[in-house]
Structures are given as C-alpha cells and as structure tokens.
Amino acid sequence: MAADGWRAEKNIEERGASKMKRDEQIKAVCNMLSMSEKFDGEKIGFFVDEVKQYMLSAGVPLLLVNDRRAIGCIARGVADLYTYENGAASLSPYFKERVVQLKLNFGGAHCV
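Notes on the structure in this doc start here. (Residues numbered from 1 in each chain as written. Predicted model: local features only at pLDDT ≥ 70, side-chain atom pairs only at ≥ 80, totals over all residues. Heavy atoms only, no water.)

## Focus on the overall build of the protein
On a plain count of helices and strands, the protein comes out with six helices and zero strands. Counting from the amino terminus, helix and strand elements in the protein follow one another as α-α-α-α-α-α. Out of the 112 residues in the protein, the part that is buried amounts to 38%. Pairs at least 24 apart in sequence give 65% of the contacts found in the protein among residues at least 6 apart. Accessible area for the protein stands at about 6700 Å²; split by element, carbon and sulfur atoms hold 53% of it. (Helix = DSSP H or I, 4+ residues; strand = E, 2+ residues; numbered from the N terminus. Buried < 20%, exposed > 50% of the residue type's maximum accessible area, 1.4 Å probe, protein only. Contact = heavy atoms within 4.5 Å. Areas by Shrake-Rupley, 256 points an atom, 1.4 Å probe, with all protein chains shown as cover.)

Put into structure tokens, the structure is as follows:
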C-alpha cells in the first residue's frame, strides 16, 4: 500500500471507524428501506454485495465500505438496484455522487 493510502486508512481509523459485518449491513438496509429481513434478507444481501463491489471498484477503501458511515450510500444503491430488476431504474445520480465523495474524502482532512 502506498504511503498516502496508509495515511488515509489511519485517518479513517482515527476518526472513529465503526465497522459493520455483512449481516448488520443487510439488517440496516432492510430497516432503512422498510423491508422484511425475514422475507427479503437474502435478496437484499446479494444487492448489498453488488453495491459494495461497485464502491470498491470506484476506489472507496474496504475499511470505509464496511463502515457505518457508508450505510446510507449502500442503502441508496440497493434501492436503485432493487427497482432496476423491473427495468424501471438505474443507479441514481445521488448514489454515484456519494460514492465519489466517499472516495475523494477518504484520504483528506475532510474524511466523512
């Protein structure tokens, strides 16, 4: 890892990173979207994984992707994908902008 990447990761840790496990993320997303974890949890889990992979591919560090501060972004992406399966939507501009913010703010003094 480059020195800047190491400093950035340390920056997130110093700012109170609060790691969430996958099951916690699924539960939080279900709650945010008013869905039943019992009935929709497995399907939502696939969407959570897809959104997280998108964020990682965009350059958001794993530490931040699994942090509580990213759960709103993850929920927005899941909502976009959930409606996309009906052919009615795509990833929203808000979701894409938030991913960029998370990536850009990761290493700087303005980390979320």
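Next comes the rest of the write-up.
## Considering the nonpolar core
Grouped together as the largest cluster of nonpolar side chains are 25 residues, with contacts concentrated most on Val 29, Ile 44, Met 55, Ile 74 and Val 78. For this core, the element with the highest residue contribution is helix 5 (residues 71–84), accounting for six residues. When neighbours within four sequence positions are excluded, Val 78 is seen to be in contact with Val 29, Leu 33, Ile 44, Phe 47, Val 48 and Val 51. (Core = buried A, V, L, I, M, F, W, Y, C linked by side-chain atoms within 4.5 Å.)

## Considerations on the side chain of Asp 40
Turning to its location among the elements, Asp 40 is positioned in helix 3 (residues 37–57). Comment: no salt bridge for buried Asp 40; closest opposite-charge side chain is Lys 43, at 6.4 Å. Discounting chain neighbours no more than four positions away, the residues touching Asp 40 are Met 35 and Tyr 82. (Lys, Arg positive; Asp, Glu negative; His and termini not counted. Salt bridge = Lys/Arg side-chain N within 4 Å of Asp/Glu carboxyl O.)

## A closer look at the packing of aromatic side chains
All told, the structure shown has two aromatic pairs when counted by the stated rule. Ring centres of Phe 47 and Tyr 82 lie 6.0 Å apart, and the angle between their planes is 75 degrees; on these two criteria the pair is classed as edge-to-face. Here Phe 47, found in helix 3, pairs with Tyr 82, found in helix 5; they are 35 residues apart in sequence, far enough to count as distant. Look at Phe 47 and you get buried, because its relative accessible area is 15%. We classify Tyr 82 as partly exposed; its relative accessible area is 22%. On the numbers, 5.3 Å between centres and 45 degrees between planes, the contact of Tyr 54 with Phe 95 is tilted. Here the residue Tyr 54 occupies a position in helix 3, and Phe 95 occupies one in helix 6 (residues 93–105), the gap between them amounting to 41 residues. Residue class for Tyr 54 comes out partly exposed when judged on its relative accessible area of 34%. (Phe/Tyr/Trp six-rings, centres within 6.5 Å; stacked < 30°, edge-to-face > 60°.)

## Points about the pattern of salt bridges
Evaluation of the coordinates by the stated rule reveals three salt bridges. A salt bridge links Asp 49 to Arg 22; the shortest N-O distance between them is 2.9 Å. Here Asp 49 is found in helix 3, whereas its partner Arg 22 is found in helix 2 (residues 22–32), with 27 residues between them in sequence. In this structure, the salt-bridge partner of Asp 67 is Arg 69, at a minimum N-O distance of 2.7 Å. Residue Asp 67 is classed as buried on the basis of its relative accessible area of 2%. The class of Arg 69 is partly exposed, set by a relative accessible area of 23%.

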